Amino acid sequence: MERIMNVNGKVCVVTGGARGIGREIVDRFAAGGAKKVYACDVNIEALEGCAENVAPYVLNVTDVAAIAKFTDDVLAADGAIDVLVNNAGITRDGLLQNTSDEEWNLVVGINLKGVFNVTRAIAPGMVNAGSGSIINMASVVGVDGNIGQTNYSATKAGVIGMTKTWSKEFARKGAQVRVNALAPGFIATPMTEKVPQKVLDIMVGNTVLGRMGTPEDIANAAMFFASDMSSFITGQVLKVDGGLKL
Ligand SMILES: NC(=O)c1ccc[n+]([C@@H]2O[C@H](COP(=O)([O-])OP(=O)(O)OC[C@H]3O[C@@H](n4cnc5c(N)ncnc54)[C@H](O)[C@@H]3O)[C@@H](O)[C@H]2O)c1
């Protein structure tokens, strides 16, 4: 087995891959030897000029028919999908009593049902091939909860539940299909630009390492789960949060 973390020769799919954490994972996999990295997003303009082994692809994780077509296209072109990172996610924060049905449905539709949609399409190919690594982007708030994030924390807790279920389901009959979740703390991306500075300061104050995380911090952990270095790790939730106490 290779002793260096890489995704040599692997076909990788990253949802929400155009910016923030997803973009960093795309670039990391591309530089880490991937045969191809499909960077799927609703808007792929930001991916112009990316590396040669990155394939930008317009894909909304709520569009079941488009996901089926995407999966068929990739399997036809590349024969297999080795790594799936379910990273696309949004926030619509507010206290419970201020959260509308629309805000609930939007966040649940993308963060929870979107992960279900994409994995349901892609996992069977991994199981048939007998190997694969699925990495679901959860959050510390899916483990610990957070004021003003009822809809978001519910989806991230749900993602953790699906991760544990799929780790058992996809490994039947000896298939080495691993499913793990990453639970980032507060990471500097366009998503957290919307969070008031006052709240971010409190979060940094409650973080042992005394800083916000970077997309690189999360991409490092994603690379570990995608690589064969984590070949005996499945069904786990790894907090990457600098020691945050929520
Ligand atoms: N930033 C943080 O502090 C933090 C903390 C914990 C977890 N996360 C999770 O990490 C993931 C990435 O977050 P980020 O901070 O990079 O966010 P971001 O908003 O910077 O990027 C998210 C990307 O997802 C894409 N996207 C949104 N809806 C989509 C859809 N329906 N289909 C396909 N793509 C879609 C967006 O276009 C965007 O490119 C999310 O799942 C988020 O919940 C982020």
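Refer to the structure printed above.
Remarks on the overall build of the protein chain
No. 1: Looking only at helices and strands, the protein chain has seven helices and seven strands in total.
No. 2: Starting at the N terminus and ending at the C terminus, the protein chain contains elements arranged as β-α-β-β-α-β-α-β-α-α-β-α-α-β.
No. 3: In terms of overall dimensions, the protein chain is globule-like: its C-alpha atoms have a radius of gyration of 17 Å, near the 18 Å expected for 246 residues.
No. 4: Along the longest, intermediate and shortest principal axes, the C-alpha atoms of the protein chain span 50 × 40 × 40 Å.
No. 5: The 246 residues of the protein chain split such that 44% are buried.
No. 6: Pairs at least 24 apart in sequence give 71% of the contacts found in the protein chain among residues at least 6 apart.

Here we look at the pairing of strand β2 (residues 36-41)
No. 1: The buried fraction of β2 amounts to six of the six residues, a majority that puts the element mostly inside the structure.
No. 2: Taking the sense of rotation as the criterion, the β-α-β connection linking strand β1 (residues 11-15), helix α1 (residues 20-31) and β2 turns out right-handed.
No. 3: In this sheet, strand β3 (residues 54-58) lies alongside β2 in parallel orientation, the contact comprising five bridges. Bridging across to β3, Val-37 finds its partner in Val-54.

Describing the packing of helix α3 (residues 101-129) against helix α5 (residues 150-169)
No. 1: Direction vectors running N to C along α3 and α5 enclose 15°, while the axes themselves pass 8 Å from each other. Taken together, the axes of α3 and α5 lie roughly parallel to each other. Of the two possible hands of crossing, α3 and α5 adopt the one that is right-handed. Here Glu-103, Trp-104, Val-107, Val-108, Asn-111, Leu-112, Val-115, Phe-116, Thr-119 and Ala-123 of α3 lie close against α5, whose contacting residues are Asn-151, Tyr-152, Thr-155, Lys-156, Gly-158, Val-159, Met-162 and Trp-166.

A short note on the sheet that holds β3
No. 1: Pairing is parallel in the open sheet, where seven strands are placed in the order β3-β2-β1-β4-β5-β6-β7. Two strands close off the open sheet at either side, each with one partner strand: β3 and β7 (237-240). On average, adjacent strands in this sheet sit at an angle of 20° to one another, irrespective of strand direction.
No. 2: In this sheet, strand β6 (residues 176-184) lies alongside strand β5 (residues 131-137) in parallel orientation, the contact comprising seven bridges.

Some words on the site of the ligand
No. 1: Taken together, 28 residues lie near the ligand, and Gly-16, Gly-20, Gly-89, Thr-189 and Met-191 sit nearest.
No. 2: A total of three residues in the shell around the ligand trace back to one element, the largest contributor, which is α1.

Some details on helix α2 (residues 64-78)
In an α-helix, one turn spans 3.6 residues; hence positions three or four apart end up facing the same way.
No. 1: Helix length check: α2, at 15 residues, gives a terminal C-alpha distance of 21 Å against a target of 21 Å (1.5 Å per residue), a fit within 8%.
No. 2: Listed in full, the buried residues belonging to α2 are Ile-67, Phe-70 and Val-74. Buried residues along α2 cover an arc of 60° about the axis, so they all sit on one side. Of the exposed residues in α2, those oriented more than 90 degrees away from the buried face are Ala-65, Asp-72, Asp-73 and Ala-76.
No. 3: With its phi angle positive at about 85°, Gly-79 sits one or two positions after the end of α2.

Some words on α1
No. 1: An ideal rise of 1.5 Å per residue puts 16 Å on 12 residues; α1 measures up with 17 Å between its terminal C-alpha atoms.
No. 2: A large share of α1 lies buried, amounting to 11 of its 12 residues.
No. 3: Along α1, the residues that are buried comprise Gly-20, Ile-21, Gly-22, Arg-23, Glu-24, Ile-25, Val-26, Asp-27, Arg-28, Phe-29 and Ala-30.
No. 4: Positive backbone phi, approximately 95°, marks Gly-33, located one or two places after α1.

Some words on unusual backbone geometry
Peptide bonds are, in most cases, trans, and in most cases residues other than glycine have a negative phi.
No. 1: Positive phi, normally seen in glycine, also occurs at Lys-173, with a value near 55°.
No. 2: Along the polypeptide, Lys-173 turns up in the loop between α5 and β6.

Calculation rules
- For every chain, the first residue of its written sequence is number 1, and the numbers climb from 1 along that sequence.
- A pLDDT threshold of at least 70 governs which residues receive local features in this predicted model, and a stricter bar of 80 or more applies before side-chain atom pairs are shown or counted, although totals over entire chains, interfaces and linings include all residues.
- Numbering goes from the N terminus for both helices and strands, where a helix is a DSSP run of H or I of at least four residues and a strand is a run of E of at least two.
- Only the C-alpha atoms count toward the radius of gyration. The rule for a globule is 2.2 Å times the residue count to the power 0.38.
- Here a residue counts as buried when 20 or more other C-beta atoms fall within 10 Å of its C-beta, as exposed when 12 or fewer do, and as partly exposed in between; the C-beta atoms come from the backbone.
- The contact criterion used is a C-beta to C-beta distance within 7 Å, with each C-beta placed from the backbone.
- For crossovers, right-handed means that the path from the first strand over the helix to the second runs clockwise, given strands pointing away from the viewer.
- Here the rule is simple: two strands pair whenever DSSP picks up at least two bridges between them.
- To get an axis, a line is fitted to the C-alpha atoms, and for a helix only the part in contact is used. The angle between two axes follows their N-to-C directions and goes from 0 to 180 degrees.
- By the definition adopted for this analysis, an angle is roughly parallel if under 35 degrees, roughly antiparallel if over 145, roughly perpendicular if from 65 to 115, and oblique otherwise.
- Left-handed is the label given to a crossing in which the near helix is rotated counterclockwise from the far helix by less than a right angle, and right-handed is the label when the rotation is clockwise.
- Any residue whose C-beta atom, as set from the backbone, lies within 6 Å of a molecule or strand is reported as near that molecule or strand.
- Helix span, as expected, comes to 1.5 Å for every residue beyond the first.
- Think of the arc as the fan of directions from the helix axis to the C-beta atoms.

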